[in-house]
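Examining the three-dimensional arrangement
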Amino acid sequence: MTPVVECVVAFLFGSVVGLLMQRSRFCNTAALRDAIMFKTYRNTKAMLMAMMILTLAFTGFMSLGAGHPMEFDVGLNTFAGLFLFGIGMVLAGACTVSTWVKTGEGNIGALWALIFTFVGMFLFSLVWSWNWWPPAPQVMTGQPNLPALQLGFANALTLQDRLGVPAIVFGLIQFAVLLAIYRAILRRERGQRVKHEQHQQEVAGHEA
Amino acid sequence: MEFFRKTLDPVFALATIAVLDVFLFLLLGAWTVGGGETMMTGLIAQSVLGEDLQRIPFWSIVFPPRADYWKIYISLGMLTGAFLGATLSKEFYLRTPRRTSEWLMIMVGGLLMGIGIRLAYICNVSTFFGLLPEMNLGGYLAISGIVAGAWVGSLFYKKILEG
């Protein structure tokens with residue numbers, strides 16, 4: 001595939017994603033923030049649904065040697081970076097997706113967040129050029145490198161190669177865990193609804 | 001058209017996006033946003049600094065700026081799709097944060113997101129819709145990080161809301 005075709009495919013994918021996100025008001029930040037702060041799960045359920053479908057499909061295709069899984073070494077920087085990101089997205093009220101989607105809806109605050117995401121990235125490039133950590137992806141070997149706080153590379157495919165068990169088997173286990181979380185949320189929502197109805201009846205009883 | 005009048009069920013929307021992401025995974029790689037944003041940062045910096053950008057090794061070693069990087073166009077697509085959706089459903093209007101504290105909070109949030117993405121080499125989209133479904137070890141570490149961060153962020157947010 002030529003770079004131009006790649007860019008066209010990516011643009012079409014992004015456009016449909018942007019449209020569906022805008023029409024559904026889905027927000028990744030809300031999926032985490034609302035579950036933590038308000039115990040509401042509208043977005044959390046959607047995120048879990050996507051994760052379940054993707055787990056089955058990605059590990060299924062990886063079992064067959066298809067697809068383009070990420071070659072990604074993991075280190076303590078992975079945890080630290082996403083920790084900072086998690087704080088940032090709640091403060092900004094948007095994540096990487098919703099900054100673009102909300103900007104497209106005319107939200108100047110989201111555009112402001114986007115601008116400072118770029119600024120943050122540029123600032124980090126200056127720091128990286130000074131301390132050279134975390135190691136550049138080109139020098140990552142897939143093996144643990146403890147002095148650089150890197151743990152190496154492992155995914156469903158490396159498990160398949162090492163243990164001789166198809167990647168989809170591990171995918172099914174992860175799917176079952178995600179499904180259990182999804183069902184626990186549904187149960188909790190049912191409980192909240194029952195409580196709400198009881199409360200309403202009590203209020204109606206008092207008023208009568 | 002009904003589609004532009006009613007709010008779409010997010011579970012349906014995300015299930016559809018997941019199916020499309022499977023096709024993208026087979027063709028190019030899973031959905032991601034942070035890489036494209038970094039490349040855009042590099043391109044903007046290059047247009048401002050010109051040759052001086054080469055003095056910052058990050059931009060010659062990790063992310064040499066190039067405009068034909070497919071991940072950039074996912075973000076531009078999302079912007080376009082959202083604009084079309086908002087316009088056709090008559091939901092496009094300019095919304096501006098009112099208080100200075102809001103501008104400041106969003107600014108700090110944006111900076112932390114940018115620094116965090118580059119420190120981790122991934123964003124939240126890659127975490128939930130790429131690494132985790134591939135069962136990459138990084139996905140589990142990243143999810144632990146983002147949940148812990150969102151929890152701390154929520155504490156700050158509550159304090160600011162109440163304060």
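Residues numbered from 1 in each chain as written. Chains lettered and ligands numbered in written order. Predicted model: local features only at pLDDT ≥ 70, side-chain atom pairs only at ≥ 80, totals over all residues. Heavy atoms only, no water.

Re the overall build of chain B
Helix and strand counts for chain B stand at seven helices and zero strands. Listing each helix as α and each strand as β along chain B from the N terminus yields α-α-α-α-α-α-α. Taken along the three principal axes of its C-alpha coordinates, chain B extends 50 × 45 × 35 Å. In chain B, which comprises 163 residues, the share counted as buried stands at 57%. Residue pairs at least 24 apart in sequence account for 54% of intrachain contacts in chain B once pairs closer than 6 positions are excluded. Accessible area of chain B: about 7300 Å², with a carbon and sulfur share of 66%. Between the centroid of the 12 positive side chains of chain B and the centroid of its 11 negative side chains there is a distance of 7 Å. (Helix = DSSP H or I, 4+ residues; strand = E, 2+ residues; numbered from the N terminus. Buried < 20%, exposed > 50% of the residue type's maximum accessible area, 1.4 Å probe, protein only. Contact = heavy atoms within 4.5 Å. Areas by Shrake-Rupley, 256 points an atom, 1.4 Å probe, with all protein chains shown as cover. Lys, Arg positive; Asp, Glu negative; His and termini not counted. Charge placed at Lys NZ, Arg CZ, Asp CG, Glu CD.)

Some words on the packing of aromatic side chains
Under the defined criterion, the tally for this structure stands at 16 aromatic pairs over all chains. Look at tryptophan 112 of chain A and tryptophan 103 of chain B: their rings are 5.1 Å apart centre to centre, the planes differ by 85°, and that puts the pair in the edge-to-face class. Residue tryptophan 112 of chain A is found in helix H6 (residues 108–131), and its partner tryptophan 103 of chain B is found in helix H5 (residues 100–120); the two belong to separate chains. What makes tryptophan 103 of chain B partly exposed here is its relative accessible area of 25%. Centre to centre, the rings of tryptophan 31 of chain B and phenylalanine 129 of chain B are 5.3 Å apart; their planes meet at 5°, and the pair counts as stacked. (Phe/Tyr/Trp six-rings, centres within 6.5 Å; stacked < 30°, edge-to-face > 60°.)

Topic: the packing of H6 of chain A against H5 of chain B
Taken N-terminus to C-terminus, the directions of H6 of chain A and H5 of chain B make an angle of 40°; their axes are 6 Å apart at the nearest point. It follows that H6 of chain A is oblique to H5 of chain B by the angle criterion. By crossing handedness, the relation of H6 of chain A to H5 of chain B is classed as right-handed. The segment H6 of chain A lies against H5 of chain B, with Ile108, Gly109, Trp112, Ala113, Phe116, Thr117, Val119, Gly120, Met121, Leu123 and Phe124 of chain A engaging Trp103, Ile106, Met107, Gly110, Leu111, Met113, Gly114, Ile115, Ile117, Arg118 and Leu119 of chain B. For the contact of H6 of chain A with H5 of chain B, a count of residues per class yields 16 nonpolar, five polar and one charged. (Axes fitted to C-alpha atoms, helices over the stretch in contact; angles between N-to-C directions. Parallel < 35°, antiparallel > 145°, perpendicular 65-115°, else oblique. Left-handed = near helix turned anticlockwise from the far one by under 90°. Nonpolar A, V, L, I, M, F, W, Y, C, P; charged D, E, K, R; others polar.)

Remarks on the state of the cysteines
Under the definition given, this model contains zero disulfides over all chains. In this structure cysteine 7 of chain A is not part of a disulfide, and its nearest cysteine sulfur, from cysteine 123 of chain B, lies 18 Å away. Its relative accessible area of 10% is what places cysteine 7 of chain A among the buried residues. Cysteine 95 of chain A carries a free sulfur, and the closest cysteine sulfur to it, the one in cysteine 27 of chain A, is 5.3 Å from it. Given the relative accessible area of 1%, cysteine 95 of chain A is considered buried. (Disulfide = S-S within 2.5 Å.)

What to know about helix H4 (residues 76–92) of chain A
Residues and elements named next belong to chain A. The end-to-end C-alpha separation of H4 is 24 Å, in line with the 24 Å expected for 17 residues at 1.5 Å each. In terms of residue burial, H4 counts as a mostly covered element, since 12 of its 17 residues are buried. Restricting attention to buried positions, one finds in H4 the residues Asn77, Thr78, Gly81, Leu82, Phe85, Gly86, Ile87, Gly88, Met89, Val90, Leu91 and Ala92. Just past H4, the residue glycine 93 takes up positive phi, approximately 70°. (Expected span 1.5 Å × (residues − 1).)

With respect to the layout of surface pockets
If a probe the size of a water molecule is rolled over the atoms, the empty space left behind becomes visible. Reported here for the largest pocket is a volume of approximately 760 Å³. Lining of the largest pocket is provided by 30 residues; of these, Met70, Glu71 and Pro137 of chain A together with Tyr69 and Lys71 of chain B occupy positions nearest its centre. Those elements that provide at least two residues to the lining of the largest pocket are helix H2 (34–49), helix H4 (70–88) and H5 of chain B. With three residues, H2 of chain B is the single largest residue contributor to the lining of the largest pocket. Split by residue class, the lining of the largest pocket holds 17 nonpolar, eight polar and five charged. (1 Å grid on protein atoms, 1.4 Å probe; cavity = no way out; pocket = protein on both sides within 12 Å on 5 of 7 lines; lining within 4 Å. Points joined across faces, edges and corners; volume = space filled by probe spheres on them.)

Structural notes on the environment of isoleucine 87 of chain A
Note on placement: isoleucine 87 of chain A falls in helix H4. When sequence neighbours within four positions are dropped, the list of residues in contact with isoleucine 87 of chain A reads Leu112, Gly149, Ala150, Val152, Gly153 and Phe156 of chain B.

With respect to the pattern of salt bridges
For the coordinates displayed, the defined rule picks out nine salt bridges over all chains. Measuring nitrogen to oxygen at the nearest pair gives 3.1 Å for the salt bridge that ties glutamate 91 of chain B to arginine 23 of chain A. Placement of the pair is glutamate 91 of chain B in the loop between H4 and H5 and arginine 23 of chain A in helix H1 (residues 3–24), with the two residues belonging to separate chains. We classify glutamate 91 of chain B as buried; its relative accessible area is 18%. Since its relative accessible area comes to 0%, arginine 23 of chain A is described here as buried. Taking the shortest distance from any N to any O, the salt bridge between arginine 55 of chain B and aspartate 52 of chain B comes out at 3.8 Å. Using a relative accessible area of 68% as the deciding quantity, one classes arginine 55 of chain B as exposed. The class for aspartate 52 of chain B is partly exposed, based on a relative accessible area of 42%. Each of Arg23 and Arg25 of chain A together with Glu91 of chain B takes part in a single network of salt bridges with overlapping partners. (Salt bridge = Lys/Arg side-chain N within 4 Å of Asp/Glu carboxyl O.)

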